[in-house]
Amino acid sequence: MTVLPIVTAPDPVLKKKAVKVAAVDDRVRQLMDDMLETMYLAPGIGLAAPQIGLSERVVVIDIGRSEENRQPLYLANPEILWVSDEDNIYEEGCLSVPEHYAEVTRPKAVKVSFLDRDNNTVEIETDGLLATVIQHELDHLDGVLFIDHLTSLKRNMILRKLLKQKKEAAADK
Ligand code: GNR
Ligand code: NI
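In every chain, residue numbers begin from 1 and rise along the written sequence. Note on labels: chains are lettered from A, ligands numbered from 1, in written order. With the structure being a predicted model, the display of local features is reserved for residues of pLDDT at least 70 and the display and counting of side-chain atom pairs for 80 or more, all residues being used for whole-chain, interface and lining totals. Each side-chain value is worked out from all heavy atoms of the structure, with water and hydrogens disregarded.

J.: Got a minute to help me understand the pairing of strand β2 (residues 58-61) in this structure?
T.: Every regular strand shows the same layout, with side chains that alternate between the two sheet faces. Accessibility here uses a 1.4 Å probe with only protein chains present; expressed as a share of the type maximum, an area under 20% marks a residue as buried, one over 50% as exposed, and anything in between as partly exposed. Counting from the N terminus, the helices are DSSP H or I runs at least four residues long and the strands are E runs at least two residues long. Here β2 shows no split at all, with Val58 and Val60 on one side and Val59 and Ile61 on the other all buried. Whether two strands pair depends on DSSP finding at least two bridges between them. Pairing between strand β1 (residues 46-48) and β2: 3 bridges, direction antiparallel. What sits directly across from Ala48, in β2, is Val59. Bridge count between β2 and strand β3 (residues 73-83): 4 bridges; the pairing is antiparallel. The partner of Val60 across the bridge, within β3, is Tyr74.

Given below as structure tokens:
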């Protein structure tokens, strides 16, 4: 497995709509495994392919609390089939928006279908943190970041800071 560099905002690949994979074949399985290793190292609880610069509809998630309790989820071409009327508010972060956190309101529960690591179609209905992370990752596949759910004032403040950090890092080289 390989750890891949994570793309941070602002970057055009994070704004693009990702394309579906034809099927979960050996190439996509390898990608899923590399993404999972990258996510564990970061560390994060979800990662979408655009975050490693690849505009394809592939996601990995693991909300397990420790290394002993790993429960990886592999999702290709995920689709939301249903969302609850009831909302939930979570403090979200994103590996592509480092060191910024904000409360985001989303549906509390979702039903999704996707292709798993064996290319089988799976449906799950879930709520709580997993439902939030699934929606956060599906947003990435459509070029949407959690900061896009904030006011433009808050979003622009965060984007300006991230851009400044990038420019300073580039000048340091
Ligand atoms: O690691 C992550 N934590 C997190 C916390 C609350 C809501 C969503 C997330 S996903 C994030 C990793 C990430 O950037 N996935 O795209
Ligand atoms: Ni994210």
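Additional details are given in the paragraphs that follow.
J.: Before we go on, may I ask you to explain the packing of aromatic side chains in this structure?
T.: Think of a pair of aromatic rings as described by two things: how far the centres are apart, and how the planes are tilted against each other in angle. Centres within 6.5 Å are what make two rings of Phe, Tyr or Trp a pair, Trp counting through its six-membered ring; a difference in plane orientation under 30 degrees is then read as stacked, over 60 as edge-to-face, and the rest as tilted. Taken as a whole and assessed by the stated rule, the structure comprises 0 aromatic pairs. Two conditions define a charge located above a ring, namely a distance within 6 Å from the ring centre to NZ of Lys or CZ of Arg, and an angle within 35 degrees of the ring normal. Taking NZ or CZ as reference, Arg117 lies 5.7 Å from the ring centre of Tyr74, over its face.

J.: In this structure, what is going on with the coordination of the nickel ion (ligand 2)? I would like to understand it.
T.: Ideal coordination angles are 109.5 degrees for a metal with four donors arranged tetrahedrally and 90 or 180 degrees for a metal with six donors arranged octahedrally. Looking at the nickel ion (ligand 2), the protein donor atoms are Cys94 (SG), His136 (NE2) and His140 (NE2), and they sit 2.1 to 2.3 Å from it. Excluding water, the donors of a metal are its N, O and S neighbours within 2.8 Å, or within 3.2 Å for Na, K and Ca, and that exclusion means sites may look incomplete. When the donors of the nickel ion (ligand 2) are listed by position in the chain, the intervening gaps give C-x41-H-x3-H. Within this pair, His136 and its partner His140 are both found in helix α2 (residues 128-141), separated by 4 residues, close to a single helical turn.

J.: What exactly am I supposed to notice about the side chain of Glu92 here?
T.: As for its placement among the helices and strands, Glu92 is situated in strand β4 (residues 87-92). Here Glu92 falls in the buried class, since its relative accessible area comes to 4%. Within polar-contact distance, the side chain of Glu92 engages the side chain of Arg106 at 2.7 Å. Contact definition: two residues touch when any of their heavy atoms are within 4.5 Å. Beyond its immediate sequence surroundings of up to four residues, Glu92 is in contact with His100, Tyr101, Ala102, Val104, Arg106, Thr132, His136 and Phe146. Polar contact criterion, stated in full: a pair of N or O atoms within 3.5 Å, where within protein one must be able to donate a hydrogen and the other to accept it, and residues adjacent in sequence count only if both atoms are side-chain atoms.

J.: Explain the nonpolar core here, please?
T.: Where a protein is soluble and globular, its nonpolar side chains tend to be buried together. Buried Ala, Val, Leu, Ile, Met, Phe, Trp, Tyr and Cys residues form a nonpolar core when they are joined through side-chain atoms within 4.5 Å. The biggest cluster of nonpolar side chains holds 16 residues, and the ones touching the most others in it are Met32, Met35, Val58 and Val60. When contributions to this core are tallied by element, the ones reaching two or more residues are α1 (26-41), β2 and β3. Ranked by residue count, the leading element in this core is α1, at 6 residues. Aside from chain neighbours lying at most four places away, what touches Met32 is Val24, Val58, Val60, Tyr74, Leu75, Ala76 and Arg117.

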